[in-house]
Amino acid sequence: PTEELQALDAAHHMHPFTDGNALNKKGARVITSAKGVTITDSDGKEILDAMAGLWCVNIGYGRDELADVAARQMRQLPYYNTFFQTTHVPAIELAKKLSQLVPGDLNHVFFNGSGSDANDTNIRMVRHYWALKGKPDKKTIIARWNGYHGSTVGAASLGGMKGMHAQGGLPIPDIAHIDQPDWWSEGGEQSPHAFGLERARQLEAKINELGEDKVAAFIAEPIQGAGGVIIPPESYWPEIQRICDKYEILLIADEVICGFGRTGQWFGSQTMGIRPDIMTIAKGLSSGYAPIGGSVVSDEIASVINSGEFNHGYTYSAHPVAAAVALENLRILEEEKIVEHAGKVAAPYLAGKWAELADHPLVGEAKIKGLMGSIALTPDAASRAAFAAGAGVVGLMCRDRCFANGLVMRHVGDRMIISPPLIITHQDIDTLIERATKSLDETYAAVKA
Ligand code: PLP
C-alpha cells in the first residue's frame, strides 16, 4: 500500500534536494512504472512526464532493446576496469561513436559515472593540461552564478548555487564566478542584446582582474537548465567565444542537459554556435537507463594529457553495462531520427503553443529552445515583479497543481520548466499544454484569493 511505502521511505531514505519535513508531512509519490512519455504511480495514476525524469529520458520510457542489451552485457562481461592497460568492447565502441557524433576535433572521451564526476574530472584535467604545457599558474576556472554543474565538491564549486556553497564550505580555491545572462530577472532597462554583451564581457573583465596567465578555463551550460532554463540573448555566446579565443582560455561546454538532442540539434554547442575544447556529457547519453557520463576533449588536450599518466579515474569509468546501454541508446536516437523529430517536428509545434502561455495573467516571459522551456510566473508582467509571498512559494503551488492534474513540471523558484522526452508527439503536446493551463488557472485563482 502506498501509505506504508511512504512511511518506510520517510523513515529510511534520504532524498536529494528535498526538505525532509515535507516527506514526513506528505510522503513521496511512489513511481512504479513508465512507458513512452508517461509515468505511473503506486495508486495507478498516469502522469505526463514533461521533465523526462531529470532531463534525461530522451528516447522515452520502456525501450526493451536497452534492457536486452544490459542483460546480455551483464551475462557476458558484467564488469571490468580500464585501469590496468585493459579495455573492453563497449568502451571502445562507445568512444568511437562519440568521436563521430561530437562536432569539431573532440575525439577523445574520459568516462565517468555521472555529470558531477565528469566536471570534477574536467577541473583536474584542465589544471593538469596547463601544468604540462609549462603554465602551472593557469588554474582558475571561471563559471557563472546560478549555473549548475553537479553535487560533488568540485562540481558544486563550479556551480553558482549559493545555497550549495553555504553547506560544506564551498567553493574550493581557484574558482571564480561571473553573473548569468538572465535578462528577465536581471536585465533591467537594457535591451536583451545589450544585456547579453554586458554579461559576456564580465568574462573579459574577470580574466583581466585575475590575469590571463592565471585563468585555465571557462565553463557554462549552453542553456542553463537547473537554474531555470535561462536562454541567453543571441549576442551572448559569440562574445564569450571571442573572449575565450583571444585570451587562450579553454571553453568547457557542460552539455549534461543540452546534449543528445535536447535543444533540437545533437548538442547545445551547435545550437548556440560555439566551439568548445571540452564537453561534459551524461544524462541523455544513456537516456538515463544506466548511470554514465564523460568528458569529451579535443585532439590537442588528449595528446598533452596522454603524454604521461593522469592520476585520475573511477571504478565505474566506462562501466561495460552502462557503456553498452549508452551505445544502444545512441543507435536508437540515430536510426529512429529522434533528434530530427525533436528539432523539426516537436519543437516548432511546442514553441507555438508555449508562446501562447505568455498571455496567461500569471505568466511573464515564456521562452523555449528545442525541447527545453520555461515560463516566469509573476504578479505583474510589465514590471517583472516578484510575488510578495516570497521566492518559490507560488512556483511550488503550481508544481503541486500540475502533479494533481497529471503533469510533471518542475519549479525553480517561480519559474516553471519543461524538458519532455524527445519522442513527444503533437497529441502529447496538446495534453501537456492543456494540463499546464489548467494548473496555471488554479494557481492564479489561489494567488488572487
Ligand atoms: N551538469 C549539468 C548541466 C546538470 O544539469 C547536471 C545535473 O542535473 C550535472 C552537471 C550533474 O550531473 P549528475 O547529476 O549526473 O551528477
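Residues numbered from 1 in each chain as written. Predicted model: local features only at pLDDT ≥ 70, side-chain atom pairs only at ≥ 80, totals over all residues.

A.B. asks: Teacher, can you tell me more about the environment of S42 here?
C.D. replies: Considering the arrangement of structural elements, one finds S42 in the loop between β2 (38-41) and β3 (46-49). It is 33 Å that separates the C-alpha atoms of S42 and G163, two residues lying 121 residues apart in sequence. Setting aside chain neighbours within four positions, we find S42 in contact with T2, L5, V30 and T32. (Helix = DSSP H or I, 4+ residues; strand = E, 2+ residues; numbered from the N terminus. Contact = placed C-beta atoms within 7 Å.)

A.B. asks: Any chance you could explain the sheet that holds strand β14 (residues 410-412) here in plain terms?
C.D. replies: Remark on secondary structure: sheet strands pair via backbone hydrogen bonds, oriented parallel or antiparallel. Read from one edge to the other, the open sheet built from four strands follows the order β11-β12-β15-β14, with strand pairing classed as antiparallel. A single partner strand is all that each edge strand has here, and the edge strands are β11 (363-369) and β14. Averaged over all adjacent pairs, the angle separating strand axes in this sheet is 20 degrees, with direction ignored. Looking at chain direction, β11 and strand β12 (residues 372-377) are connected through five bridges and run antiparallel. In the sheet register, I368 faces β12, and the bridge partner there is G373. Sheet contacts for helix α15 (residues 338-356): β11 and β12; angle to β11, the most-contacted strand, approximately 170 degrees. Each of β12, β14 and β15 (415-418) touches helix α16 (residues 393-404); the most contacted strand, β14, lies at about 180 degrees to it. (Pairing = 2+ DSSP bridges. Axes fitted to C-alpha atoms, helices over the stretch in contact; angles between N-to-C directions.)

A.B. asks: Would you mind going over the site of the ligand with me for this structure?
C.D. replies: Around the ligand, the surrounding shell holds 15 residues, and the nearest of these are S114, G115, S116, G150 and V256. The dominant element in the shell around the ligand, judged by the number of residues it contributes, is helix α6 (residues 115-132), at three residues. The residue inventory of the shell around the ligand, partitioned by class, reads five nonpolar, eight polar and two charged. (Near = placed C-beta within 6 Å. Nonpolar A, V, L, I, M, F, W, Y, C, P; charged D, E, K, R; others polar.)

A.B. asks: It is not clear to me how the domain arrangement of the chain should be interpreted in this structure. Could you clarify?
C.D. replies: The figure often quoted for interface size is the accessible area lost as the parts come together. Taken domain by domain, the chain consists of domain 1 (36-59 + 337-448) and domain 2 (65-335). Distance between the C-alpha centres of domain 1 and domain 2: 26 Å. If you list the elements that add at least two residues to the side of domain 1 that touches domain 2, you get α3 (52-55), α15, β11, β12 and β15. Of the residues forming the side of domain 1 that touches domain 2, the biggest block, five residues, is contributed by α15. (Domains from an automatic or database assignment.)

A.B. asks: Would you explain the packing of helix α10 (residues 192-210) against helix α11 (residues 236-247) in this entry?
C.D. replies: In helix packing, the relevant descriptors are the interaxial angle and the interaxial distance, both defined with respect to the helix axes. Two numbers describe how α10 lies on α11: the axes approach to 8 Å, and their chain directions differ by 15 degrees. Considering the angle they form, α10 stands roughly parallel to α11. In this structure, α10 meets α11 at a crossing whose hand is right-handed. Where α10 approaches α11, its residues G196, L197, R199, A200, R201, L203, E204 and I207 are matched on the opposing element by Y236, E239, I240, I243 and Y247. By residue class, the composition of the contact of α10 with α11 is eight nonpolar, one polar and four charged. (Parallel < 35°, antiparallel > 145°, perpendicular 65-115°, else oblique. Left-handed = near helix turned anticlockwise from the far one by under 90°.)

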